[in-house]
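# Breakdown of the fold
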Amino acid sequence: MAITVQNFIKLANFYNQTAIMMSAICVQKGGIALENYVGRFYAADVLEYVLEYGRRLIAIDKSVSPEIKGLIDRMAAQFENMRSMVTPTQKPIHEMTLEEFEKVMNI
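Numbering of residues starts from 1 in each chain and follows the order in which that chain's sequence is written. Whole-chain, interface and lining totals are the exception, using all residues; otherwise, since this is a predicted model, local features are given only for residues with pLDDT of at least 70 and side-chain atom pairs are given and counted only at 80 or more. The basis for every side-chain value is the complete set of non-hydrogen atoms in the structure, without hydrogens or water.

## Some remarks on helix α3 (residues 66–82)
Stated formally: Helical segments are the DSSP runs of H or I of at least four residues, strand segments are the runs of E of at least two, and each set is numbered from the N terminus. Multiplying 1.5 Å by the helix residue count minus one yields the expected span of that helix. Any two residues whose heavy atoms approach within 4.5 Å at even a single point are treated as in contact.
Along its 17 residues, α3 runs 24 Å from first to last C-alpha, staying within 8% of the 24 Å computed at 1.5 Å per residue. Close packing links the buried residues of α3 with α1 (5–28) and α2 (40–60).

And the structure:
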């Protein structure tokens, strides 16, 4: 997949839809906190991936609009708040091999 603004927007929309669904699930399960929801690792990993994609986009394309840069900055701030919920490894999920991912997830 080529690193483009359009692809970044699609990924950011996917993360936003995931966050909405997770919020609805937490409410339906009795109002549990996101920190206690089992899907929090998935959401944090998706956010980490989308954020890294955005950072690479900025590094490749110097003409990225200020709106997209602002979105990437907001995602970075949100990721800092969720950092404790990422997959427990030193290597980000998007850089793992399939074997490393399976080992982390106990598959």
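Now, onward.
## A few points about the nonpolar core
Definition in use: Remark: nonpolar core denotes a set of buried residues (Ala, Val, Leu, Ile, Met, Phe, Trp, Tyr, Cys) joined through side-chain atoms within 4.5 Å. Think of it in three bands: with a 1.4 Å probe and only protein chains considered, a residue is buried below 20% of the maximum accessible area for its type, exposed above 50%, and partly exposed in between.
If you look at the biggest cluster of nonpolar residues, it comprises 22 residues, and the most contacted ones within it are Phe8, Tyr15, Val50 and Met75. Those elements that place two or more of their residues in this core are α1, α2 and α3. A per-element tally of this core places α2 first, with 8 residues. The contacts of Val50, once residues within four sequence positions are left out, are Phe8, Leu11, Ala12, Tyr15 and Met75.

## Digging into the packing of α1 against α2
Our working definition: Lines are fitted to the C-alpha atoms to define the axes, a helix being fitted only along its stretch in contact, and any angle between axes, read from their N-to-C directions, falls within 0 to 180 degrees. Orientation categories follow fixed angle ranges, with anything under 35 degrees roughly parallel, anything over 145 roughly antiparallel, 65 to 115 roughly perpendicular, and all other angles oblique. What makes a crossing left-handed is the near helix being turned counterclockwise from the far one by less than a right angle; a clockwise turn instead makes it right-handed.
For the pair α1 and α2, the least separation of the axes is 10 Å and the interaxial angle reads 160 degrees. In this view, α1 runs roughly antiparallel relative to α2, as classed from their interaxial angle. Between α1 and α2 the crossing geometry is left-handed. The residues of α2 that touch α1, namely those facing Val5, Asn7, Phe8, Leu11, Ala12, Phe14, Tyr15, Thr18 and Met22, are Arg40, Tyr42, Ala43, Val46, Leu47, Tyr49, Val50, Tyr53, Gly54 and Leu57.

## Things to note about the confidence of the model for the chain
Keep this limit in mind: Looking at any residue, its pLDDT shows the predictor's confidence there, from 0 to 100.
With 90% of its residues at a pLDDT of 70 or more, the chain has an overall mean of 85. Put simply, helix α4 (residues 98–105) is where the chain has its lowest mean pLDDT, 79, and α1 is where it has its highest, 93.

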